[in-house]
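# Architecture at a glance
Next come the chains, spelled out residue by residue.
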Amino acid sequence: MNDQCRGIVFHGIGEPERSLERGEDRYWISADRFYRCLDAVLSLPDPSSVYISFDDGNASDHDLALPALVERGLTADFFVLTGRIDQPGSLASDQIDALHRAGMGVGSHGMHHLNWREIAPDTLRTELEGSRAALERICGATIDRASVPFGRFNRQVVAAARAAGYRRLATNEGGSFQRGAFMAPRTNMRADMTEQDYVDLIRGDERFLRKVRRLIGRVRRRFV
Ligand SMILES: [Zn+2]
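- The name given to the chain in an unreviewed UniProt entry is Chitooligosaccharide deacetylase, with the source organism recorded as Gemmobacter aquaticus.
- Listed under Subcellular location (unreviewed entry) in UniProt, the entry text for the chain is "Secreted".
- According to the UniProt record, the Function (unreviewed entry) comment for the chain is "Is involved in generating a small heat-stable compound (Nod), an acylated oligomer of N-acetylglucosamine, that stimulates mitosis in various plant protoplasts."

Structure, rendered in structure tokens:
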């Protein structure tokens, strides 16, 4: 079995049920597109070579993504903003617990969607530890993974995540990584990508990966 994984990250599926942050709409995709992505994963010789994840803790994680994943026998990690739990349009506590009980991974995306590169060390520690404590209370289990808001990280962010006890840090610079690695780079599934882009990415088409790297170089990503 190939030891390399490709990471993909979804944000919102379908219609948002809360007001979006500026520029966030480009990270919402239709349910049909989402289902076709999952079917493309399922069509691979080894579906586990794609690391599926979700950031921001939108209600669509539970309402649309969970049943679609379960139906296909796939699993994913859901990175939750704990400051939004139980707010309209975001996951409720019992929905997070339901994701966990269904065998999905639950992780932290911090509390308040802050840029971890720019906040003070004390604030970063609170974001990492407070969010994990909240999720552990809800799931009754150890939470050992986090994803970086906006893909903004540096050496200090990585060190703080390790010090807080995390065993996986998901980022957004695309590419592939070794199964079980601490750093898990992912590619954003964006509304402005074509269906062929999605499929090429999921299949690990090298031409597409180069195209993504060019796009990342040109476009300053606001949301991840
Ligand atoms: Zn985010």
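## Looking at the pairing of strand 6 (residues 105-108)
- Burial of strand 6 is two-sided: the residues G105 and G107 facing one way and the residues V106 and S108 facing the other way are all buried.
- Pairing between strand 5 (residues 77-80) and strand 6: four bridges, direction parallel. Opposite D77, over in strand 6, you have G105 as the bridge partner.
- Once the chain exits strand 5 it traverses helix 3 (residues 93-101) before rejoining the sheet at strand 6, and the crossover so formed is right-handed.

## A short note on the side chain of R72
- Secondary-structure assignment places R72 in helix 2 (residues 60-72).
- Polar side-chain contacts of R72 include one of 2.7 Å to the side chain of D39.
- Discounting residues that sit within four places of it in the chain, R72 has contacts with Y35, L38, D39 and L42.

## Describing the environment of P121
- With respect to the helices and strands, P121 occurs in helix 4 (residues 121-139).
- Put simply, P121 and A170 are 49 residues apart on the chain and 19 Å apart in space, counted from C-alpha to C-alpha.

## Regarding the packing of aromatic side chains
- Evaluated as defined, the whole model comprises six aromatic pairs.
- Judged by centre distance (6.0 Å) and plane angle (55°), the ring pair of F34 and Y35 falls under tilted.
- Overall, the relative accessible area of 0% leaves F34 in the buried class.
- Relative accessible area serves as the criterion here: at 27%, Y35 is assigned to the partly exposed category.
- One Lys or Arg, R162, reaches over the ring of F182 and ends 3.9 Å from the middle of that ring.
- The ring centre of Y51 lies 4.8 Å from the NZ or CZ of R168, which sits over that ring.

## Brief notes about the side chain of D144
- Its place among the elements puts D144 in the loop between helix 4 and strand 7 (145-147).
- A distance of 3.0 Å separates the side chain of D144 from the side chain of R145, its partner in a polar contact.
- Dropping the residues within four chain positions of it, D144 is found in contact with Y166, R167 and R168.

So, how was this worked out
Residues numbered from 1 in each chain as written. Predicted model: local features only at pLDDT ≥ 70, side-chain atom pairs only at ≥ 80, totals over all residues. Heavy atoms only, no water. UniProt positions renumbered as here; feature names shortened; annotations may be inferred. Buried < 20%, exposed > 50% of the residue type's maximum accessible area, 1.4 Å probe, protein only. Helix = DSSP H or I, 4+ residues; strand = E, 2+ residues; numbered from the N terminus. Pairing = 2+ DSSP bridges. Right-handed = clockwise from strand over helix to strand, strands pointing away. Polar contact = N/O pair within 3.5 Å; in protein donor to acceptor, adjacent residues only side chain to side chain. Contact = heavy atoms within 4.5 Å. Phe/Tyr/Trp six-rings, centres within 6.5 Å; stacked < 30°, edge-to-face > 60°. Lys NZ or Arg CZ within 6 Å of the ring centre and 35° of its normal.

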